[in-house]
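Tertiary structure, described
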Amino acid sequence: MAIVYHDKLIEHTQWQDHPESPFRVRTLKKKLEKEGLWKDVAPPEMITDDDVLRVHTKKHLDRLKAGGNIPIDPDTMLKDGTCKLAMLSASVAVTAVKMALNGIPTFGMTRPPGHHAGRESMGGFCYLNNVAIAVEKVGVRTAIVDLDAHHCNGTEEIFYGRDDILVIDFHEAGIYTGTGHIEDTGSGKGERYTVNIPIPAGSGNRTYGTAMDEIAIPILKEFRPELIVVSLGVDAHYCDQNSHMLLNTQGYIELCERLIKVSENRKIAFILEGGYHLRATAEVIAGVLAALEGRTIHPEYNEDKGEQSNGKREIKKIKEYISEHWKL
């Protein structure tokens, strides 16, 4: 197990009290140190403009470089130093994915996050699509599994026409970005290689576990990726105020353990996306890294909130629809 990180990532800021703050990685680092997991920490190898341009347009990169302290959306500012820090964050993801491809399960401690960034769009705290840049850089048959509460609209757009990159997205139905419908399954030769699993608000461990076991895992086994990259957003945790989901810490850890188990020779990288309750996010990440070492932590935020949704029925409907494309 290894961690990829750079201290300069704490320099990225939006404004005071913004949920995507430097305290996220500071709290996470402190938790990992406490659990004896802050070790084998590697610095990123810096990417180039050419690496970015394999995913994003030149217009997009030029806009990012221009900065200007201007709002991209109500929650996202573009500042003069944003480009350099976004490039650094993407570099963390690239290095983590390279290490994973060499058989070292890896956590990329990225910020700003990236999964909402499209070929020519920014927003939702994202500027460059860290995971997409990393996956494109290594160039192997890859499955991206996104566990963030919000749909990975940027990642979906980038790979929508591809059959060598599978995108499986778990997200809360009906919230930002309003995308990620089950009918959105890819285009052209990419048809069926986008798998959206919109989960109703109020769903918890059991709904998520069913979706993982009955939809995602069978598809991963059929697709047989050389590499799995997990966009690990932790904002579906019941502590997080940016969604309405009821996963607890152990539920998150168990979802990731299932993905570790199905990965080929443990070629798996976890890349940080959202997660805004500082301590809950930190303990989920700590639990996942501990699992990679074959041990456990003792979670603080582990109350079983049950199921306050029609999740079981919705997962059944999603499974029926997706079974037209995959053997479920």
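If you're wondering where the values come from, they're calculated on a predicted model, not measured in any experiment. (Residues numbered from 1 in each chain as written. Predicted model: local features only at pLDDT ≥ 70, side-chain atom pairs only at ≥ 80, totals over all residues. Heavy atoms only, no water.)

Considering the side chain of T194
Relative to the helices and strands, T194 resides in strand β8 (residues 194-199). Residue T194 is classed as buried on the basis of its relative accessible area, which comes to 2%. When residues no more than four places from it in sequence are discounted, the contact partners of T194 are E156, Y160, V167, D184, T185 and G186. (Helix = DSSP H or I, 4+ residues; strand = E, 2+ residues; numbered from the N terminus. Buried < 20%, exposed > 50% of the residue type's maximum accessible area, 1.4 Å probe, protein only. Contact = heavy atoms within 4.5 Å.)

Notes on helix α10 (residues 311-322)
Between the first and last C-alpha of α10 there are 16 Å, a value that for 12 residues agrees with the 16 Å anticipated at 1.5 Å per step. Contact partners of the buried residues in α10: β8 and α7 (205-223). (Expected span 1.5 Å × (residues − 1).)

What to know about the nonpolar core
Within the largest apolar cluster, 103 residues are counted, with the highest numbers of intra-cluster contacts made by L147, I168, F170, I197, L232 and F270. When residues of this core are assigned to their parent elements, the largest contribution, 13 residues, is made by helix α4 (residues 82-101). Those residues in contact with I168, other than ones at most four positions away along the chain, are I144, V145, D146, V195, I197, A216, I219 and L220. Core analysis: the second largest hydrophobic core is formed by five residues, Y238, L246, A280 and Y301 among them. (Core = buried A, V, L, I, M, F, W, Y, C linked by side-chain atoms within 4.5 Å.)

Focus on the sheet that holds strand β5 (residues 106-108)
Overall, parallel pairing links the eight strands, which are arranged β2-β1-β5-β10-β9-β6-β7-β8 in an open sheet. Among the strands making up the open sheet, the edge pair consists of β2 (41-42) and β8. Lying over the sheet, helix α9 (residues 278-292) contacts β1 (2-4), β5, β9 (227-232) and β10 (268-272), oriented at roughly 165 degrees with respect to β10. (Pairing = 2+ DSSP bridges. Axes fitted to C-alpha atoms, helices over the stretch in contact; angles between N-to-C directions.)

Topic: the packing of helix α3 (residues 58-66) against α4
The angle between the axes and the distance between the axes are what describe a pair of packed helices. One way to put it is that α3 packs onto α4 with a least axis distance of 7 Å and a crossing angle of 125 degrees. Taken as axis vectors, α3 and α4 run oblique relative to one another. Each of L61, L64 and K65 in α3 lies in contact with α4, whose residues at this interface are T82, C83 and A86. Across the contact of α3 with α4, the residue classes break down as four nonpolar, one polar and one charged. (Parallel < 35°, antiparallel > 145°, perpendicular 65-115°, else oblique. Nonpolar A, V, L, I, M, F, W, Y, C, P; charged D, E, K, R; others polar.)

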